[in-house]
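# Tertiary structure, described
One letter stands for each residue in the lines below.
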Amino acid sequence: MIAKDHGHPLAVKVSEWFIRSAPRQSDARQRQDFAERFGTHNPRVLKVLVLLHDTIDTPPTRSELAHAAGVCVRQIERLFRAELGMSVREAGEAIRLDHAAHLLKSTGQSVTAVALACGFASASHFSRAFKQSYAVSPRHWKAHKAAVTAIPDQELARIESLRDRKTRAMSL
């Protein structure tokens, strides 16, 4: 019903929120796979998404990602625009920010440590990107993690923004 009224990305995010609202038991199902989370079944795009996820602390270059997918840089950018409505860089940053939000909520690491663990060159760059994406600073997110976990409005707004951007890109 959420997917029908608000789009697949928001439905996936709501599903993720329910799956991750409490610590996962060792025998419980993990997060959805990338095909479900990003709404694509393109094997080249999925390969790059997995690689971006697996190398969060040291993001590969676009050339390395394109090579891994077996296409040129322009082609991988076209595939990402067509399939996800965003660039490879934007998708990589979204994956890294998602991981950062999880680390801030679930660990005692400092904002700087999380920024470095997620491949950001500086804490200030990370803070700007995080605030732009989540509408709150990483420090606020970390300090109010119980409230943010209970009410994922900022996260839902971010997904809606990505969906709107994808819709606009597809209409061009």
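Structure's up top.
Below or above, wherever it landed, is the structure these notes cover. The shown structure was predicted, so the numbers you read here are calculated from the model rather than taken from an experiment.

## Some remarks on the pattern of salt bridges
Taken as a whole and judged by the stated rule, the model has three salt bridges. Between E77 and R62 there is a salt bridge, with its nearest N and O atoms 3.2 Å apart. Here R62 lies in helix α5 (residues 62-69) and E77 lies in helix α6 (residues 73-84), a separation of 15 residues in the sequence. Classification of E77 as buried rests on a relative accessible area of 15%. R89 is paired through a salt bridge with E93; the nearest N and O atoms lie 3.7 Å apart. Residue R89 and its partner E93 are both found in helix α7 (residues 88-106); the two are separated by four residues, about one turn of the helix. Judged by its relative accessible area of 51%, R89 is exposed.

## Brief notes about helix α9 (residues 123-134)
Across its twelve residues, α9 extends 16 Å between first and last C-alpha, which sits within 8% of the 16 Å expected from 1.5 Å per residue. Of the positions making up α9, those classed as buried are F126, A129, F130, S133 and Y134. Taken down its axis, α9 places every buried residue within 105° of arc, on the same side. For α9, the exposed residues lying more than 90 degrees away from the buried face are R128 and Q132. In the segment just after α9, A135 is the residue with positive phi, at about 70°.

## Examining the nonpolar core
Ranked by size, the top nonpolar core spans 36 residues in total, and within it V48, L49, I76, F80, L84, F126 and F130 carry the most contacts. Element by element, the count of residues in this core is highest for α7, at eight residues.

## Quick word on the packing of aromatic side chains
All told, the structure shown has five aromatic pairs when counted by the stated rule. Taking the centre distance of 4.5 Å and the plane angle of 15° together, the rings of F130 and Y134 count as stacked. With F130 and Y134 both in helix α9, this residue pair falls four residues apart, about one helical turn. For F130, a relative accessible area of 0% translates into the label buried. Y134 sits in the buried class, given a relative accessible area of 1%. Every member of this aromatic cluster is reached through a ring pair, and the members are F120, F126, F130, Y134 and W141. Its guanidinium or amino end placed over the ring of F120, R96 lies 4.2 Å from that ring's centre, counting from NZ or CZ.

## Some details on unusual backbone geometry
In the Ramachandran plot, A135 falls in the positive-phi region, its phi being about 70° despite a non-glycine side chain. Tracing the backbone through its elements, the reader meets A135 in the loop between α9 and α10 (138-143). Owing to a relative accessible area of 56%, A135 belongs among the exposed residues under this scheme.

The rules behind each value
- Position numbers for residues start from 1 in each chain and track the written sequence from start to end.
- In keeping with the predicted nature of the model, local features appear solely for residues at pLDDT of at least 70, side-chain atom pairs appear and are counted solely at 80 or more, and the whole-chain, interface and lining totals rest on all residues.
- Side-chain figures throughout are based on the complete set of non-hydrogen atoms in the structure, without hydrogens or water.
- Put simply, a salt bridge is a Lys or Arg side-chain nitrogen that is within 4 Å of an Asp or Glu carboxyl oxygen.
- Counting from the N terminus, the helices are DSSP H or I runs at least four residues long and the strands are E runs at least two residues long.
- Buried, partly exposed and exposed residues are distinguished by accessible area as a fraction of the type maximum, computed with a 1.4 Å probe on protein chains only: under 20%, between the cut-offs, and over 50%, respectively.
- Each helix should span, by expectation, one fewer than its residue count multiplied by 1.5 Å.
- Our arc is simply the arc of the directions from the helix axis toward the C-beta atoms.
- In plain words, nonpolar cores are sets of buried Ala, Val, Leu, Ile, Met, Phe, Trp, Tyr and Cys residues tied together by side-chain atoms within 4.5 Å.
- Only centres within 6.5 Å qualify two rings of Phe, Tyr or Trp (six-membered ring in Trp) as a pair; their planes then separate them into stacked at under 30 degrees, edge-to-face at over 60, and tilted for everything else.
- By definition, being over a ring means that NZ of Lys or CZ of Arg is both within 6 Å of the ring centre and within 35 degrees of the ring normal.

Distances and angles like these do not, on their own, reveal function.
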